[in-house]
Amino acid sequence: MTPIIAPSILAADFANLEREVTMINESAADWIHVDVMDGVFVPNISFGVPVVQAIHSHAKKPLDVHLMITQPERYVQAFYEAGASIISVHEEATPHLHRLIQQIKALGIKAGVALNPHTPISALENVISDIDLVCLMSVNPGFGGQSFIKNTFKKIAHLKSLIASSNSSALIEIDGGVNQDNAKPLIDAGADVLVAGNFVFTSVNPRDVIFRLKNL
Ligand code: DX5
Ligand code: ZN
């Protein structure tokens with residue numbers, strides 16, 4: 001299966017966002033992964049709504065917005081208006097996940113749920129049929145450039161069987177530490193979407209890295 005490739009703008013040069021977005025536009029990438037961090041849910045602050053709007057104004061590919069923020073229900077509308085095509089919220093960030101999923105879907109965009117490395121797949125049992133995407137964190141959220149957590153492979157297997165048994169059409173997205181060593185095994189294990197930040201943007205030829213990920 002051909003994977004969906006979503007370069008993470010978090011690893012891009014923020015002083016040259018237009019150039020970086022243009023590079024992604026001209027590459028084999030499918031989506032642009034946009035990491036929003038609030039310094040509360042995760043120990044780092046990235047950027048907020050105006051920067052997402054600026055990215056969107058140059059983007060020719062859908063924005064896959066990953067909200068690493070507390071009380072995400074307060075900001076879903078704003079990120080939708082900023083241009084998000086997919087919004088993923090963390091299961092750990094809200095006591096009302098079901099309501100929040102409905103809120104995102106009512107906007108006519110795709111709804112995703114992200115899980116921290118410690119959160120079991122069973123946390124999704126009662127919503128898996130309602131969502132379009134599961135973002136499995138393969139690092140602890142907050143920073144790019146961390147090492148891939150191998151236990152993610154077990155979680156992919158659990159998630160695949162939950163998706164199959166619930167007739168869900170949710171895509172499996174892997175986020176964190178994706179590189180040349182684990183990309184192909186992840187696809188073979190059942191990943192549909194690969195997010196890649198540092199692997200793409202620290203390379204000499206980011207477009208070529210994206211092409212190679214797309215054609216594993
Ligand atoms: C981590 C973010 C990731 C990050 C991935 O909190 O959610 O999307 O940008 O970066 P790499 O690929 O460098 O691990
Ligand atoms: Zn992310």
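Everything discussed here concerns the structure shown above.
Novice: How should I be thinking about the coordination of the zinc ion (ligand 2) in this particular structure?
Specialist: Angles at a metal have ideal values that depend on geometry: 109.5 degrees with four tetrahedral donors, 90 or 180 degrees with six octahedral donors. Listed as protein donors to the zinc ion (ligand 2) are H33 (NE2), D35 (OD), H66 (ND1) and D175 (OD); their distances from the metal cover 2.0 to 2.2 Å. The buried category is assigned to D35, whose relative accessible area is 5%. According to the relative accessible area criterion, H66 is buried, its value standing at 1%.

Novice: Would you mind going over unusual backbone geometry with me for this structure?
Specialist: Negative phi values dominate among residues other than glycine, just as trans dominates among peptide bonds. Positive phi outside glycine occurs at Q71, with the angle close to 45°. Looking at Q71, the relative accessible area reads 41%, which means it is partly exposed. A positive phi is found at N167, a non-glycine position, where the angle reads about 55°. In this structure, N167 sits in the loop between α5 (152-165) and β7 (171-175). Here N167 falls in the exposed class, since its relative accessible area comes to 73%.

Novice: Explain helix α8 (residues 206-214) to me, please; I cannot follow it from the model alone.
Specialist: Within an α-helix, residues lying three or four positions from one another point in the same direction, as the helix has 3.6 residues per turn. Within α8 the residues assigned to the buried category are P206, V209, I210, L213 and K214. The buried residues of α8 occupy one face: seen down the axis, they fall within an arc of 135°. Of the surrounding secondary structure, the elements contacted by the buried residues of α8 are β1 (4-7), α1 (17-25), α6 (183-189), β8 (193-196) and α7 (198-201).

Novice: It is not clear to me how the pattern of salt bridges should be interpreted in this structure. Could you clarify?
Specialist: Pairing between side chains of opposite charge can happen when the charged atoms of each approach one another. The tally for this structure, following the rule as stated, stands at five salt bridges. A salt bridge links R207 to E26; the nearest nitrogen and oxygen atoms lie 3.5 Å apart. Of this pair, R207 sits in helix α8 while E26 sits in the loop between α1 and β2 (32-37), and the two are 181 residues apart along the sequence. For the salt bridge of R212 with D208, the shortest nitrogen-to-oxygen distance reads 3.3 Å. Within this pair, R212 and its partner D208 are both found in helix α8, separated by four residues, close to a single helical turn.

Novice: For this particular structure, what's the right way to read the packing of α1 against helix α2 (residues 49-58)?
Specialist: Any two packed helices are characterised by how steeply their axes cross, that is the angle between the axes, and by the distance between the axes. Their axes nearest at 9 Å, the elements α1 and α2 cross at an angle of 45°. Comparing the axis directions of α1 and α2 gives the class oblique. Judged by the twist between their axes, the crossing of α1 over α2 is right-handed. Counting all contacts with α1, which are made through L17, E18, V21 and N25, the residues of α2 involved are V51, I55 and H58.

Definitions and limits used
- Residues numbered from 1 in each chain as written.
- Chains lettered and ligands numbered in written order.
- Predicted model: local features only at pLDDT ≥ 70, side-chain atom pairs only at ≥ 80, totals over all residues.
- Heavy atoms only, no water.
- Donors = N, O, S within 2.8 Å, 3.2 Å for Na, K, Ca; no water.
- Buried < 20%, exposed > 50% of the residue type's maximum accessible area, 1.4 Å probe, protein only.
- Helix = DSSP H or I, 4+ residues; strand = E, 2+ residues; numbered from the N terminus.
- Arc of directions from axis to C-beta.
- Contact = heavy atoms within 4.5 Å.
- Salt bridge = Lys/Arg side-chain N within 4 Å of Asp/Glu carboxyl O.
- Axes fitted to C-alpha atoms, helices over the stretch in contact; angles between N-to-C directions.
- Parallel < 35°, antiparallel > 145°, perpendicular 65-115°, else oblique.
- Left-handed = near helix turned anticlockwise from the far one by under 90°.

Scope: geometric values only; no functional claims are made or implied.
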